[in-house]
Amino acid sequence: MCLCVFSGSTPLIFNYNNMHPTRIFKTPSELETVWNEFKENAKEQAKEWIEVRYVGKDGDEKNIPKKIPYTMEGFKRFCHLEYGCVEQYFTNQDNLYADFIGICSRIKSEIRENQIIGGMLGFFNPSITQRLNSLVDKNQTELKGGLNIPKLPDIGNR
């Protein structure tokens, strides 16, 4: 069985008969399903990370679950625990996972978008978000200086 996808005007043909024999996910839609499971899992994980706020004139305690950012490491950990290693899908190991390039690219983009928006809205630490997504300002400060010692006459024999 073959799948033909067009990238611009170039056809990309994926031969499912030439897939790795120990593939965890047979099709990109299976990996997409697991990605959606991971996002639901992140919502459940938020219940473990509680921020306590004291509100109102009486200082009533209010427990607020923190938003969990999507990370590639978190997704790989989730997959490893539930299904197995997925690193090869993202690196296209031995060119046996070319049919997964599209979904892997979309997952990476969604992770990046989630982190950037979360940082901009103050849900996540903006500084860490910038570093994780290579958004740090690249300013260089160059200091030049020297030591200027005037030549004075020898005053040692007074």
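Scroll up for the structure.
All figures in this text were calculated on a predicted structure; none of them were measured in a lab. (Residues numbered from 1 in each chain as written. Predicted model: local features only at pLDDT ≥ 70, side-chain atom pairs only at ≥ 80, totals over all residues. Heavy atoms only, no water.)

Colleague: Looking at this structure, I do not really get the packing of aromatic side chains. What am I missing?
Modeller: Tallied over the entire structure, the rule returns eleven aromatic pairs. Between the aromatic rings of Trp 35 and Tyr 70, the centroid separation amounts to 5.6 Å while the plane-to-plane angle is 75°, which identifies the pairing as edge-to-face. Remark: Tyr 70 occurs in the loop between strand 4 (60–65) and helix 2 (72–82) and Trp 35 occurs in helix 1 (residues 28–45); sequence separation between them is 35 residues. Both residues of the pair, Trp 35 and Tyr 70, count as buried. Of note, Lys 67 hangs over the ring of Tyr 70, and the distance from its end group to the ring centre comes to 5.7 Å. (Phe/Tyr/Trp six-rings, centres within 6.5 Å; stacked < 30°, edge-to-face > 60°. Helix = DSSP H or I, 4+ residues; strand = E, 2+ residues; numbered from the N terminus. Buried < 20%, exposed > 50% of the residue type's maximum accessible area, 1.4 Å probe, protein only. Lys NZ or Arg CZ within 6 Å of the ring centre and 35° of its normal.)

Colleague: Help me understand helix 4 (residues 101–120) in this model?
Modeller: Note that an α-helix has 3.6 residues per turn; residues three or four places apart therefore point the same way. Taking 1.5 Å of rise per residue, the 20 residues of helix 4 would be expected to cover 28 Å, and the 28 Å separating its terminal C-alpha atoms lies within 8% of that figure. Where helix 4 is concerned, the buried positions are Ile 103, Cys 104, Ile 107, Glu 110, Ile 111, Asn 114, Gln 115, Gly 118 and Gly 119. Each buried residue of helix 4 sits inside an arc of 160° when the element is viewed along its axis, so together they form one side. Buried positions along helix 4 lie against helix 1, helix 2, helix 3 (87–91) and helix 5 (126–132). Residue Gly 122 follows helix 4 closely and has a positive phi angle near 85°. (Expected span 1.5 Å × (residues − 1). Arc of directions from axis to C-beta. Contact = heavy atoms within 4.5 Å.)

Colleague: Quick question: what am I supposed to make of the environment of Val 52 here?
Modeller: Inspection of the secondary structure assignment puts Val 52 in strand 3 (residues 50–55). On the basis of relative accessibility, which here comes to 41%, the residue Val 52 falls in the partly exposed class. For the pair formed by Val 52 and Pro 65, sequence separation is 13 residues and the distance between their alpha carbons is 8.8 Å.

Colleague: Help me understand the pattern of salt bridges in this model?
Modeller: Two side chains of opposite charge can pair, provided their charged atoms sit close to one another. Considering all chains together, one arrives at eight salt bridges under this definition. Between Lys 47 and Glu 44 there is a salt bridge whose closest N-O contact spans 3.2 Å. With a relative accessible area of 53%, Lys 47 lands in the exposed category. Under the relative-accessibility criterion, Glu 44 is labelled partly exposed at 45%. Across the salt bridge formed by Glu 51 and Lys 66, the nearest N and O atoms sit 3.1 Å from each other. With a gap of 15 residues between them, Glu 51 in strand 3 and Lys 66 in the loop between strand 4 and helix 2 connect regions that are remote in the sequence. Residue Lys 66 is classed as partly exposed on the basis of its relative accessible area, which comes to 35%. (Salt bridge = Lys/Arg side-chain N within 4 Å of Asp/Glu carboxyl O.)

Colleague: Would you take a moment to explain the nonpolar core for this structure?
Modeller: The tendency in soluble globular proteins is for nonpolar side chains to be buried as a group. Grouped together as the largest cluster of nonpolar side chains are 22 residues, with contacts concentrated most on Leu 31, Phe 75, Tyr 89, Phe 90, Phe 100 and Ile 107. Listed by contribution, the elements that provide at least two residues to this core are helix 1, helix 2, helix 3 and helix 4. Of the residues forming this core, the biggest block, five residues, is contributed by helix 1. Ignoring anything within four residues of it in the chain, the contact list for Tyr 89 reads Arg 23, Ile 24, Phe 25, Tyr 97, Phe 100 and Cys 104. (Core = buried A, V, L, I, M, F, W, Y, C linked by side-chain atoms within 4.5 Å.)

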